[in-house]
Amino acid sequence: GAVVSQHPSRVICKSGTSVKIECRSLDFQATTMFWYRQFPKQSLMLMATSNEGSKATYEQGVEKDKFLINHASLTLSTLTVTSAHPEDSSFYICSAGSGAAYEQYFGPGTRLTVT
Amino acid sequence: AQTVTQSQPEMSVQEAETVTLSCTYDTSESDYYLFWYKQPPSRQMILVIRQEAYKQQNATENRFSVNFQKAAKSFSLKISDSQLGDAAMYFCAYKDSGYALNFGKGTSLLVTP
């Protein structure tokens with residue numbers, strides 16, 4: 001089956017620094033990738049949708065300059081949290097789609113803690 | 001905007017028994033997909049079952065089945081012969097021609113021995 005990886009699985013950073021999270025589709029080409037944020041005991045909130053080679057589309061209320069998304073290849077998307085603050089601490093999940101209308105495969109998630 | 005409602009924040013079932021998780025949704029589209037995802041403590045999202053709206057037959061995957069009522073916009077998940085490993089958060093999700101999934105708030109399922 002289709003596999004999506006995320007790296008790192010956990011990251012702790014200091015307030016004011018930036019952190020990059022990678023999302024890779026390992027055995028298929030992902031034309032579209034999605035980034036979600038999940039707070040404890042809550043649902044997944046879509047942050048942005050990215051298509052390979054084009055700018056990401058951000059959901060309302062998501063700061064584009066704070067959450068930089070790059071989808072430079074068909075197998076890799078990155079989320080960079082810039083100037084992180086403690087309120088950015090959360091669980092970030094990516095998913096990838098290969099083109100079929102319903103297919104979407106999830107990565108294992110990245111737990112970000114900002115101290 | 002489409003909304004997905006899961007009205008049961010928590011459910012409990014005894015091992016080997018059957019439990020039904022509820023989900024309703026709101027849409028004006030006629031063509032769409034509905035999903036149930038399981039999120040265990042590892043937090044990896046696992047697809048449990050998928051239903052295409054144009055199909056009248058309810059989807060089934062082993063012990064998991066759905067009751068899809070299109071007119072009522074209802075999409076419940078039935079878990080038969082519940083196992084300890086079924087304990088998790090369950091999310092109902094909707095997707096139409098847009099690519100993104102729209103999730104409900106989730107139901108936490110506890111399975112007791």
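Our subject is the structure that appears above.
We now turn to the structure provided with this report. Within each chain, residues carry numbers counting from 1 in the order of the written sequence. Chain labels run from A onward and ligand labels from 1 onward, assigned in the order the entries are written. Only residues with pLDDT of at least 70 get local features here, since the model is predicted, and only at 80 or more are side-chain atom pairs given and counted; chain-wide, interface and lining totals rely on the full set of residues. For side-chain calculations, the full set of non-hydrogen atoms in the structure is used, while hydrogens and water are omitted.

This next bit is on the pattern of salt bridges. By definition here, a salt bridge exists when the distance from a side-chain nitrogen of Lys or Arg to a carboxyl oxygen of Asp or Glu is within 4 Å. Counted according to the given criterion, the structure contains six salt bridges over all chains. Notably, a salt bridge pairs Asp88 of chain A with Lys66 of chain A, separated by 2.9 Å at the nearest N-O pair. Of this pair, Asp88 of chain A sits in the loop between strand S8 (76-81) and strand S9 (90-97) while Lys66 of chain A sits in the loop between strand S6 (57-58) and strand S7 (67-73), and the two are 22 residues apart along the sequence. In terms of burial, Asp88 of chain A and Lys66 of chain A fall into one category: buried. A salt bridge links Lys55 of chain B to Glu52 of chain B, with the shortest nitrogen-to-oxygen separation between them at 3.9 Å. Residue classification places Lys55 of chain B among the partly exposed residues on the basis of a relative accessible area of 38%. By sharing partners, the salt bridges in this structure join Arg50, Glu52 and Lys55 of chain B into a single network. Elements are defined by DSSP. Helices are runs of H or I of four residues or more, strands are runs of E of two residues or more, and each kind is numbered from the N terminus. When a residue's accessible area, from a 1.4 Å probe over protein chains only, is under 20% of the maximum for its type it is buried; when over 50% it is exposed; and in between it is partly exposed.

Here, disulfide denotes a covalent bond that connects the sulfur atoms of two cysteines. Any cysteine sulfur atom paired with another within 2.5 Å is treated as part of a disulfide. All chains considered together, the criterion is met by two disulfides over all chains. Paired through a disulfide, Cys23 of chain A and Cys94 of chain A show a sulfur-sulfur distance of 2.0 Å. With the S-S dihedral at roughly 80 degrees, the linkage between Cys23 of chain A and Cys94 of chain A falls on the right-handed side. Placement of the pair is Cys23 of chain A in strand S3 (residues 19-25) and Cys94 of chain A in strand S9, with a sequence separation of 71 residues. The exposure classification of Cys23 of chain A matches that of Cys94 of chain A, with both residues buried. Shown here is the disulfide that connects Cys23 of chain B with Cys92 of chain B, its sulfur atoms set 2.0 Å apart. When the S-S torsion is -70 degrees, as for the bridge of Cys23 of chain B with Cys92 of chain B, the disulfide is left-handed.

Moving on, we get to the packing of aromatic side chains. How two aromatic rings sit relative to each other is set out by the distance from centre to centre and by the angle between their planes. Only centres within 6.5 Å qualify two rings of Phe, Tyr or Trp (six-membered ring in Trp) as a pair; their planes then separate them into stacked at under 30 degrees, edge-to-face at over 60, and tilted for everything else. According to the stated counting rule, one finds 15 aromatic pairs over all chains in the structure shown. Plain terms: the ring middles of Tyr36 of chain A and Phe103 of chain B are 5.8 Å apart, the flat faces sit at 80 degrees to each other, and that makes the pair edge-to-face. Note that Tyr36 of chain A is positioned in strand S4 (residues 32-38) and Phe103 of chain B in strand S11 (residues 102-103), a pairing that runs across two chains. The pair formed by Tyr36 of chain A and Phe103 of chain B is uniform in burial state, with each residue classed as buried. Judged by centre distance (5.3 Å) and plane angle (35 degrees), the rings of Tyr32 of chain B and Tyr94 of chain B are tilted. Residue Tyr32 of chain B is located in the loop between strand S4 (24-26) and strand S5 (33-39), and its partner Tyr94 of chain B is located in strand S10 (residues 88-95); the two are separated by 62 residues in the primary sequence.

Before going further, it helps to examine the pairing of strand S8 (residues 64-69) of chain B. All names here are of chain B. Here, strands pair whenever DSSP counts at least two bridges between them. Summarising the sheet, strand S7 (residues 60-61) and S8 pair through two bridges and their orientation is antiparallel. Each residue of the ladder has a partner; that of Glu61, found in S8, is Phe64. Linking two consecutive strands that pair antiparallel, namely S7 and S8, is a turn of two residues; a positive phi of about 55 degrees is found at Asn62 within it. Bridge count between S8 and strand S9 (residues 74-79): six bridges; the pairing is antiparallel. For Ser65, the partnering residue across the bridge sits in S9 and is Lys78. Remark: four residues form the turn of the hairpin made by S8 and S9, two consecutive strands paired antiparallel; Lys73 in that turn has positive phi of roughly 55 degrees.

What follows covers the interface of chain B and chain A. Accessible area lost upon the coming together of the parts serves often as the stated size of an interface. Contacts: residue pairs with any heavy atoms within 4.5 Å of one another. Across the contact, 18 residues belong to chain B and 23 residues belong to chain A. With both sides pooled, the region where chain B packs onto chain A buries about 1,600 Å², and carbon together with sulfur makes up 56% of that total. The interface formed by chain B and chain A holds zero salt bridges in total. Of all elements in the fold, only S5, strand S6 (46-52) and S10 of chain B reach the threshold of two or more residues within the side of chain B that touches chain A. In terms of residue count, S5 of chain B provides more of the side of chain B that touches chain A than any other element does, four residues in total. Only Asp, Glu, Lys and Arg are considered charged, only Ala, Val, Leu, Ile, Met, Phe, Trp, Tyr, Cys and Pro nonpolar, and every remaining residue, Gly among them, polar. Along the lines of polarity and charge, the residues of the side of chain B that touches chain A split into nine nonpolar, four polar and five charged. Buried area: the accessible surface (1.4 Å probe) lost by two parts on joining, summed over both.

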